[in-house]
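Here is how the chains run, residue by residue.
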2 protein chains.
Amino acid sequence: MPGVIPYLIRAYCNWIEDNNLTPYVLVRAKSKGLSIPDGFENNGKIVLNISASATADRLINNESISFKARFHGKSQKIIVPCEAVMSIYANENGEGMLFDNKGISSDKGDKNQALRY
Amino acid sequence: MPGVIPYLIRAYCNWIEDNNLTPYVLVRAKSKGLSIPDGFENNGKIVLNISASATADRLINNESISFKARFHGKSQKIIVPCEAVMSIYANENGEGMLFDNKGISSDKGDKNQALRY
């Protein structure tokens, strides 16, 4: 059964933006399929603003979150496999969901936990 | 902050149907705003098949799940407030999400738990 995590990422992204807050994702660095400029990793993790206003051509499908964003003044294409997403949350208040997602399998959505950070 | 539960109900409903399974909801009977034919309550709870194939005019908005369905051969309009939904799951394998949703407040989405029943 394909994983539920992409569906949950979309749900939380919509919920956060409908509340006029800013969706951020915490991403496991060095994940297979991750495409991101160098220099953003911190302790094996990367934090990305995926809000509609900070990105262009944002697409969250069942495989990945992809968008264009400006880094050091230059537009770059970012690809984040859904299985690399550790959590999605509103930057303003931390409300969101933590995924128990080790990147090994994408069918562990049943073990996700929503939380207030 | 409006609750995340309607967003999660939509996410799980889509995920379950994309996997060719049948979404069911477990609903707290006697909830305010619940509109359902008599005789389906069992121990204070009601189980409903909300699949596209078992319903007509299904709509899941931020307030309620509404649809038409046949009961005893007669089409009837059903309205289930999102805050009355205790869980959504695939009937075939029980995968889904349990909501820690007491019907008191709709902003408790951060305490939801996904589980395998």
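For the structure itself, look to the data block above.
Here we summarise the structure given alongside this text. (Residues numbered from 1 in each chain as written. Chains lettered and ligands numbered in written order. Predicted model: local features only at pLDDT ≥ 70, side-chain atom pairs only at ≥ 80, totals over all residues. Heavy atoms only, no water.)

### Looking at helix α1 (residues 5-18) of chain B
Residues and elements named next belong to chain B. Applicable threshold: By definition, any uninterrupted DSSP run of H or I lasting at least four residues is a helix, any uninterrupted run of E lasting at least two residues is a strand, and each is numbered from the N terminus. One less than the number of residues in a helix, times 1.5 Å, gives the span that helix is expected to have. When a residue's accessible area, from a 1.4 Å probe over protein chains only, is under 20% of the maximum for its type it is buried; when over 50% it is exposed; and in between it is partly exposed.
Relative to the 20 Å expected for 14 residues at 1.5 Å per residue, α1 spans 20 Å between its end C-alpha atoms, a close match to the ideal helical length. Where burial is concerned, most of α1 is hidden: 10 out of the 14 residues are buried. The complete set of buried residues in α1 reads I5, P6, Y7, L8, I9, A11, Y12, C13, W15 and I16. Backbone geometry just downstream of α1 places N20 in the positive-phi region, at approximately 60°.

### Considering the pairing of strand β5 (residues 74-81) of chain A
Residue and element names in this part refer to chain A. Basically, it comes down to this: Two strands qualify as a pair provided that DSSP identifies no fewer than 2 bridges between them.
Where strand β4 (residues 64-71) meets β5, 8 bridges bridge the pair, whose relative direction is antiparallel. Bridged to I65 within β5 is V80. Here β4 hands over to β5 after 2 residues, with H72 in that stretch at a positive phi of 50°.

### Thoughts on the side chain of S51(A)
Put simply, the rule is: The contact rule is simple, with two residues in contact once any of their heavy atoms fall within 4.5 Å.
Looking at where S51(A) falls in the secondary structure, it is placed in the loop between β2 (45-49) and β3 (56-60). If sequence neighbours within four positions are ignored, S51(A) has contacts with E17(A), T22(A), P23(A) and R58(A).

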